[in-house]
Amino acid sequence: MAIKSIEILNVMVFQRHLRKNNADLRSIQKGDSFQEAFMLDFCDGINVLIGENGVGKTTILKMIYAATQWSIKKTDPGKTERLLQFFSNSLKDSDALKNVKNSEDYCYYKVSDGTHSFHESLSHEGIFHFEDWIGLDMQSVFIPTTEMLSHAEGFLAMNQKYSMPFDGTQIDIIVNASLPETREIPSVMSGILDKISDVIDGTVILEKDSFYVLKKDGRKIVFSLEAEGLRKLGLIWKLIRNGLLEKGTILLWDEPEANLNPELYPLVAEILLELQKNGIQIFVATHSYNFAKYLEIRRTDKEQVVFHNLYKSRNSLSDELQKDFMGMYDESEAVYSQSAYTMDEIKCNHIMIADNELLDEVYEL
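These figures come from a predicted structure and were not determined experimentally.

K.L.:
Hey, could you run me through the sheet that holds strand 4 (residues 108–112) in this one?
P.N.:
Note: strands within a sheet are paired through backbone hydrogen bonds, in either parallel or antiparallel orientation. Judged by pairing direction, the sheet is antiparallel, and its 5 strands sit side by side in the order 2-1-4-5-6 without closing on themselves. Both outer strands of the open sheet, strand 2 (38–41) and strand 6 (126–128), are each paired with one neighbouring strand and no more. Each neighbouring strand pair of the sheet contributes to a mean axis angle of 15°, computed without reference to strand direction. Here strand 4 pairs with strand 5 (residues 117–121) via 5 bridges, running antiparallel. When the sheet's bridge partners are listed, Ser 112 is paired in strand 5 with Ser 117.

Right, here's the structure in full:
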């Protein structure tokens, strides 16, 4: 089962807006209430979210993760009842997530598998259609940007007793990495484990709430002493070894390229492509053109990887339409999206713009 789409209205950076591709834009008269939420359709393979800071890439990943966690019938009730913790551990109510100037404006996000939907209404402080959603048992893993295994010793016990400054995704990744290893590993996964093991020069083990890298020469290295880029790979190794990345799983990874040597981009891209071929739907958010491009050039078919560019600009409307609708909405900017099979097809691509600006400076020298 895969996530097919997301719809967001007036939550965090996702303000209400008119969609560029709406054929009836010109027929809308000033004062009408017709407005649309941000909407994005996903592929069953690898969905790559790109865009400048502050356009909601991480927010989308967390919304999908929250929805999948709610679908699991037998789970920690604290996770499903306190969805706000996936966004921040300090939130007391949903008002902080709302992005409205009029308290009567509707705020929600909706995640769908194409048949069922998880509809979190911030306005009503409740979940719509949860009877149809809960029990779908969508297994998912969220890898946050912050490396967490170095903080594992005593973390879970402390978190139960005190209010720790970490959100639910950061807590969950420690829980997942701490699970027992599986007895059998599919041959495809064994190949991925071997590739990672060669790079980190060993395997990842857990002893008394602490993680170590057991080197091939027998040395046991405290996880925090490894380079952070290698720790990322070590985490993937442990998740696979624990049986958490199996067919049907949804993997959400926020900035896999962070603190990673660019020479390892091809390896991480190959790992993700192999996982996708094994039936895992993947969502990654990235700021790296090179990393995203590796996914494009190393895929075996076009539909395997889709790029979703998020950008925040009213300039996405033509000059004429901006003039037509000036004053209809008092929001300064809204988040728009464009999806494509190749990076070159994407307009308003800020990571390509940054690369081009650097090349221009190099040529001027």
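K.L.:
Just to check I follow, could you spell out the sheet that holds strand 7 (residues 140–143) for this structure?
P.N.:
Taken in spatial order, the 6 strands make up an open sheet running 7-11-12-3-13-14, and their pairing is mixed. The open sheet has two edge strands with one neighbour each: strand 7 and strand 14 (335–340). Going from strand to strand, the sheet's axes swing by 15° on average, the running direction of each strand aside. Pairing of strand 11 (residues 250–254) with strand 12 (residues 281–285) involves 5 bridges; the strand directions are parallel. Across the sheet, the residue bridging to Leu 251 is Ile 282, located in strand 12.

K.L.:
Just to check I follow, could you spell out a negative patch on the surface for this structure?
P.N.:
A grouping of Glu 357, Asp 360, Glu 361 and Glu 364 is seen on the molecular surface, where their side chains present a negatively charged patch. With respect to the element layout, Asp 360 can be found in helix 11 (residues 350–364). Given a relative accessible area of 44%, Asp 360 falls into the partly exposed group.

Procedures and definitions
Residues numbered from 1 in each chain as written. Predicted model: local features only at pLDDT ≥ 70, side-chain atom pairs only at ≥ 80, totals over all residues. Heavy atoms only, no water. Pairing = 2+ DSSP bridges. Helix = DSSP H or I, 4+ residues; strand = E, 2+ residues; numbered from the N terminus. Axes fitted to C-alpha atoms, helices over the stretch in contact; angles between N-to-C directions. Patch = residues over 30% accessible without salt bridge, like charges linked within 9 Å, V, L, I, M, F, W, Y side chains within 5 Å. Areas by Shrake-Rupley, 256 points an atom, 1.4 Å probe, with all protein chains shown as cover. Salt bridge = Lys/Arg side-chain N within 4 Å of Asp/Glu carboxyl O. Lys, Arg positive; Asp, Glu negative; His and termini not counted. Charge placed at Lys NZ, Arg CZ, Asp CG, Glu CD. Buried < 20%, exposed > 50% of the residue type's maximum accessible area, 1.4 Å probe, protein only.

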